[in-house]
Amino acid sequence: MNTNRKSFPPGYRFRLEGNPSADVIDFGIPSMVVIPLKQGFDEEVNAVVEPGDKVRAGQVIGRGDQSSASSVHASVSGVVESVAKIKYAGADVNAVVIKSDGTATWESLEASSNNWESLSVSQVEELLYASGVASLDRYGLLSRDSEAGDDGRHLIIKGVEANPYNISLTALVAEQGLSRFVEGLKILQRIMPGAKIHLAFGESERELIKELSEVKGDLESLTIYTLPSKYPLDNEEVLVSAILGSNATKGWADKVVVLSAQTVFHARDAVVDGKPLIERIVALSGPGWENNFHLRVRIGTPLEFIVGEYLKKTGRQRLVPNNLLTNLAFTDYALPVDCTIDNLNAIPENDSPTLFSFLHPGAKANSNSKTFLSALRPNTERSCDTSVRGESGMCISCGYCEDVCPAGIIPHYLDKHVQQNIIDLQLIRYGVFNCVECNLCSFVCPSRIHLGWNIKEAKRKLAEDFNEIASDAVIRKFSHFHFGG
Amino acid sequence: MYEPSITSVFKTAVKATKSFVLGPGHVTASTPHIVDELDTRRYMTMVVLALLPISLGAVYHFGWRFLAAVFVAYFFGGVTEIIFAVVRQKEFRLEALLITGLLFPLILPPTVPLWIVAVGTVFGIVFGKEAFGGTGRNIFNPAIVGRVFVTAAFPLFMTGPWQVPFTEGLGGFLSYNRIADAVTAATPLMRPELYSYADLLLGRAPGSMGETFRLLIILSGIFLMVVKVSNWRIPVAYLGSVALFSLAGNMFFEQFAPPLIQLLSGGLLLGAFFMATDPVTSPFTRPGKLIYGVSLGLLTVLIRGLTENPEGVMFSILIMNAFAPLIDSAILKHRFKPIKHNGVVCNE
């Protein structure tokens, strides 16, 4: 097994207060669940239950007709209360509400087997589809181009802790066992024979890497990478080019599957235990929670149940899933925990003006600049709230956005064009389509300019106006990436 | 119709002060939900902080009159900015003025009449900054525009006689100024043989109020680079190229002073660390910063050696300010190649 250290000069290392401890607490069986009939990137499926029906946890409650969308399962046993539209992921989606009977058992999938190695490839694939695991993560488990063949394909497992807050890989492994993780990898290797497996871990995972090399068995194609915990390395496009290099990544979507570490465990549980996708571990991160830890929670558990139990009662908090720089905040706590959530970030709303804030020593200031005392204390946890802390103004060309940009473009230069409404082919030349929309430029801007929004808007307009040229530029974007390594 | 009035002037001033002291006091609208704690107020305050020791040095060497000049610059600069803000119905931001109003007196001779400080500040802000649309849109450094204007308009006041600084005991901390017992001397750029390197470093040689205490300027300049408010590329390229070109020039022609004299005289260090590095008026591309610095060095050595002006820093910076956008555009064209689509270059 090879271990590979990769450097990443741009980006920003977040070290915020309120990182979750490695403890995993079982939230138990909620009194009711809300299950949208749409999972991840999949299309919406049709309900196959009616109000009043008795269901068991693990039973299929939604199924696509012609579409290849994964089935949706009841996550608790009980009685279907309603099937109605809710506002979910920016659309009206049918959701099944189940009143739970409080029992924890679930119905296992047919054809699963402790002796999974005796199953055929298509049986394994069938189990992954039937369990709902196939629709996890950004592009899913099996987004394979059947014509591409098996060789030259890559499977990348994201274990790098690069977001402002992260679900802890250590916690996942400690809770579920390293051998299950390895078993999950073997199952994935089975359905992608010939594919190279790359594990992208954080720098601090030395123990885990050592243990892994002892138990990994016959996974010969496995390579482990240690990457700095710098945002936005969690971004698929950035990660792919960091690991495979810019040349290997042209048209990568056909050849590369990127999965989160939790998905590996889900895949293992689906095939070996026949466990459908009914629960998930989420990290309660940020100073807005009473305590920070991981929660094992049934999918469909309304946010308000978790918020009511664990959110700080004093002050207002903002609740944001996964990534504080790119995900929209929750406004409706009646919405459920779904299979896209790894992190529930709660951060205090702070609208109090601060006297002479620009002169504060800033012992805990969260800043990419070196103008605060915190720059001298690299291991101190930085404070985290929603205060804007500065008026917006004109760009002063300080260059901070260029310093941190993972795509090697000059955000403020593009932004000036957009603000003057000069959105033309010049922008494509200057790499607007290299942007991975990580919003780090907006984060560091001392003039509080929304560079990220503006560049995203320019991309959208350009894609409309110059469709063909734009798609050409998108395909070749990786040739602009610069990585040391 | 909107009528600018005394009340609106007053309101603008109060609002600017309040937002400067208290900050905005609201939350992020959407993504990103958290932002870097650095804002332009702190960014520019760092420059002012770095200039403070140099200003104290100016008081020590030339008396409290320096602070009177700073006050005049802030007052007239503030009034000018407020008038522009009211007429344009835009917000007035204090932080850029805090730098310009401090930097401008620092580059003036100690005998400068206070009315020239006022005229220079107003001219610099109007024609160096507001004429282009304010901070962020200006092409030239406002303090330098003001300095060049008053030098051209009032040469008698601006080119001598040069006072010898206070150097004993508490020096200027106990005096308003030195006019009464005016002792004047040639500046090191005119007669380098008169001064030792220690004189040049510790501010014992005559010159503009803020340019003589060179040891402090170097330390403050390094501070700004360490906190990454100024970029190291410009000062390093600028000073390096002055050393290199003066070495080459000095080998063949005696009108070029040797490198160390060049580096430690005139306004070079103050200009290299605090004015050439102004991010708004210098190139933003990294190679562009190097080209800019090297060109500044060449121009400075040429002006100092070949013209009747003993000093060439401010002219060099003014000239290169104008070239900054051109340098950037050339670098960008080199770095980002046009994209070919179906064999046709479509964004040349």
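Predicted model, so just to flag it, every value in this text is computed and none were measured.

**Some words on the overall build of chain A**
Step number 1: Counting its secondary structure elements, chain A contains 13 helices and 17 strands.
Step number 2: By the compact-globule yardstick of 23 Å for 485 residues, chain A fits well, its C-alpha radius of gyration being 23 Å.
Step number 3: With respect to the three principal axes, the spread of C-alpha positions in chain A is 60 × 55 × 50 Å.
Step number 4: The 485 residues of chain A split such that 58% are buried.
Step number 5: Taking contacts inside chain A between residues at least 6 apart in sequence as the whole, the part at least 24 apart equals 73%.
Step number 6: A total of about 19000 Å² of accessible surface is found on chain A, and carbon and sulfur atoms cover 48% of it.
Step number 7: One way to put it: in chain A the 48 positive side-chain charges average out to a point 6 Å from where the 60 negative ones average out.

**With respect to the overall build of chain B**
Step number 1: Across its full length, chain B carries 14 helices and 4 strands.
Step number 2: Each principal axis of the C-alpha atoms in chain B carries an extent, and together these give about 65 × 60 × 35 Å.
Step number 3: Buried positions account for 55% of the 348 residues belonging to chain B.
Step number 4: Here the analysis covers contacts within chain B between residues at least 6 apart in sequence; of these, 71% occur between residues at least 24 apart.
Step number 5: Carbon and sulfur atoms make up 71% of the accessible area of chain B, which totals about 14700 Å².
Step number 6: Distance between charge centres in chain B, computed from 25 positive and 19 negative side chains, equals 7 Å.

**Topic: the environment of Ala243 of chain B**
Residue and element names in this part refer to chain B.
Step number 1: Tracing the backbone shows Ala243 in helix 10 (residues 233-252).
Step number 2: The exposure class of Ala243 is partly exposed, given its relative accessible area of 23%.
Step number 3: Linking Ala243 and Met44, residues 199 residues apart in sequence, is a C-alpha distance of 30 Å.
Step number 4: Sequence-distant contacts of Ala243, defined by excluding residues within four places in its chain, comprise Pro259 and Leu263.

**What to know about the packing of helix 5 (residues 114-128) of chain B against helix 6 (residues 142-153) of chain B**
Residues and elements named next belong to chain B.
Step number 1: Axis separation between helix 5 and helix 6 bottoms out at 7 Å; the angle between their running directions is 125 degrees. Taken together, helix 5 and helix 6 sit at an angle that is classed as oblique. For the element pair helix 5 and helix 6, the recorded crossing hand is right-handed. Only Pro142, Val145, Gly146, Phe149 and Val150 of helix 6 make contact with helix 5, whose side of the interface consists of Ile116, Val119, Gly120, Phe123, Gly124, Phe127 and Gly128.
Step number 2: Across the contact of helix 5 with helix 6, the residue classes tally to 8 nonpolar, 4 polar and no charged.

**Considering the interface of chain B and chain A**
Step number 1: With 55 residues of chain B in contact, the opposing surface of chain A contributes 79 residues.
Step number 2: Taking both sides of the interface into account, the surface hidden between chain B and chain A amounts to around 6000 Å²; carbon and sulfur atoms contribute 58%.
Step number 3: Contact with chain A buries surface across chain B, with His33, Ile34 and Glu37 of chain B losing the most and accounting together for 13% of the total.
Step number 4: A salt bridge links Arg335 of chain B to Glu402 of chain A; the nearest nitrogen and oxygen atoms lie 3.3 Å apart.
Step number 5: Taken together, chain B and chain A are joined by 29 residue pairs in polar contact (both at pLDDT 80 or more).

**Concerning the sheet that holds strand 7 (residues 72-73) of chain A**
Step number 1: The strand order 4-6-7 (chain A) describes an open sheet built from 3 strands, whose pairing is antiparallel. At either end of the open sheet lies a strand with only one pairing partner, and these are strand 4 (46-47) and strand 7 of chain A.

**Structural notes on helix 2 (residues 40-62) of chain B**
Residues and elements named next belong to chain B.
Step number 1: Over its 23 residues, helix 2 runs 32 Å from end to end, which matches the ideal 33 Å to within 8%, given 1.5 Å per residue.
Step number 2: Where helix 2 bends most, the angle comes to about 30 degrees, and this point is Leu52, followed within four residues by the proline Pro53.
Step number 3: At the exit of helix 2 stands Gly63, carrying a positive phi of roughly 95 degrees.

**Focus: the sheet that holds strand 15 (residues 294-298) of chain A**
Residues and elements named next belong to chain A.
Step number 1: If you trace the 5 strands from one edge of the open sheet to the other, you get 2-15-14-17-16, paired in mixed fashion. Both outer strands of the open sheet, strand 2 (24-26) and strand 16 (317-321), are each paired with one neighbouring strand and no more. Shown here is a sheet whose adjacent strand axes are inclined to one another by a mean of 30 degrees, direction ignored.
Step number 2: Sheet analysis places strand 16 next to strand 17 (residues 343-348), joined by 5 bridges and oriented antiparallel. For Pro321, the partnering residue across the bridge sits in strand 17 and is Leu344.
Step number 3: Each of strand 2, strand 14 (279-285), strand 15, strand 16 and strand 17 is contacted by helix 7 (residues 303-310), which is oriented at about 145 degrees to strand 15, the strand it contacts most.

**Quick word on the pairing of strand 3 (residues 32-36) of chain A**
Residue and element names in this part refer to chain A.
Step number 1: Burial analysis of strand 3 places 4 of its 5 residues in the buried class, the great majority of the element.
Step number 2: Looking at chain direction, strand 3 and strand 9 (residues 91-100) are connected through 5 bridges and run antiparallel. Bridge pairing in strand 9 places Pro36 opposite Ala95.

**Regarding the nonpolar core**
Step number 1: In terms of nonpolar packing, the biggest core is built from 113 residues, with Phe14 and Leu440 of chain A together with Ile34, Leu106, Phe274 and Tyr292 of chain B touching the most fellow members.
Step number 2: Element by element, the count of residues in this core is highest for helix 2 of chain B, at 11 residues.
Step number 3: Setting aside residues no more than four positions away along its own chain, Leu440 of chain A makes contact with Gly11, Tyr12, Phe14, Tyr231, Pro232, Leu325 and Val404 of chain A.
Step number 4: Counting residues in each nonpolar core, the second largest holds 50 residues, with Trp116, Ile167, Leu185 and Phe201 of chain A among its members.

**Points about the packing of aromatic side chains**
Step number 1: Per the counting criterion, the structure on display carries 23 aromatic pairs over all chains.
Step number 2: Look at Tyr430 of chain A and Phe336 of chain B: their rings are 5.7 Å apart centre to centre, the planes differ by 90 degrees, and that puts the pair in the edge-to-face class. Highlighted residues: Tyr430 of chain A in the loop between helix 10 (425-429) and helix 11 (440-444) and Phe336 of chain B in the loop between helix 14 (313-335) and strand 3 (340-341), drawn from two different chains.
Step number 3: Residue classification places Tyr430 of chain A among the buried residues on the basis of a relative accessible area of 4%.
Step number 4: Lying across the ring of Phe372 of chain A, Arg42 of chain B places its NZ or CZ 3.8 Å from the centre.

**As for the pattern of salt bridges**
All names here are of chain A.
Step number 1: One pass over the full model with this rule turns up 32 salt bridges over all chains.
Step number 2: Residue Asp351 pairs with Arg316 through a salt bridge whose shortest N-O separation is 3.8 Å. One end of the pair, Asp351, is in the loop between strand 17 and helix 8 (400-404); the other, Arg316, is in the loop between helix 7 and strand 16, with 35 residues separating them in the sequence.
Step number 3: With relative accessibility at 41%, the residue Asp351 sits in the partly exposed group.
Step number 4: For Arg389, the salt bridge is made with Asp385, and the minimal N-O distance between the two is 3.1 Å.

**What about a nonpolar patch on the surface?**
Residue and element names in this part refer to chain B.
Step number 1: Nonpolar side chains collect at one region of the surface, where Leu56, Trp64, Leu67, Leu170, Phe173, Leu174 and Tyr176 lie side by side and expose about 710 Å² of accessible area between them.
Step number 2: Its place among the elements puts Tyr176 in the loop between strand 1 (162-163) and strand 2 (184-185).
Step number 3: Residue classification places Tyr176 among the partly exposed positions, given a relative accessible area of 43%.

What counts as what
- Residues numbered from 1 in each chain as written.
- Chains lettered and ligands numbered in written order.
- Predicted model: local features only at pLDDT ≥ 70, side-chain atom pairs only at ≥ 80, totals over all residues.
- Heavy atoms only, no water.
- Helix = DSSP H or I, 4+ residues; strand = E, 2+ residues; numbered from the N terminus.
- Rg over C-alpha atoms; globule rule 2.2 N^0.38 Å.
- Buried < 20%, exposed > 50% of the residue type's maximum accessible area, 1.4 Å probe, protein only.
- Contact = heavy atoms within 4.5 Å.
- Areas by Shrake-Rupley, 256 points an atom, 1.4 Å probe, with all protein chains shown as cover.
- Lys, Arg positive; Asp, Glu negative; His and termini not counted.
- Charge placed at Lys NZ, Arg CZ, Asp CG, Glu CD.
- Axes fitted to C-alpha atoms, helices over the stretch in contact; angles between N-to-C directions.
- Parallel < 35°, antiparallel > 145°, perpendicular 65-115°, else oblique.
- Left-handed = near helix turned anticlockwise from the far one by under 90°.
- Nonpolar A, V, L, I, M, F, W, Y, C, P; charged D, E, K, R; others polar.
- Buried area = accessible area lost by both parts, 1.4 Å probe.
- Salt bridge = Lys/Arg side-chain N within 4 Å of Asp/Glu carboxyl O.
- Polar contact = N/O pair within 3.5 Å; in protein donor to acceptor, adjacent residues only side chain to side chain.
- Pairing = 2+ DSSP bridges.
- Expected span 1.5 Å × (residues − 1).
- Bend = angle between axes of the 7 residues up to and from the residue.
- Core = buried A, V, L, I, M, F, W, Y, C linked by side-chain atoms within 4.5 Å.
- Phe/Tyr/Trp six-rings, centres within 6.5 Å; stacked < 30°, edge-to-face > 60°.
- Lys NZ or Arg CZ within 6 Å of the ring centre and 35° of its normal.
- Patch = residues over 30% accessible without salt bridge, like charges linked within 9 Å, V, L, I, M, F, W, Y side chains within 5 Å.

Read these as spatial facts, not as claims about activity.
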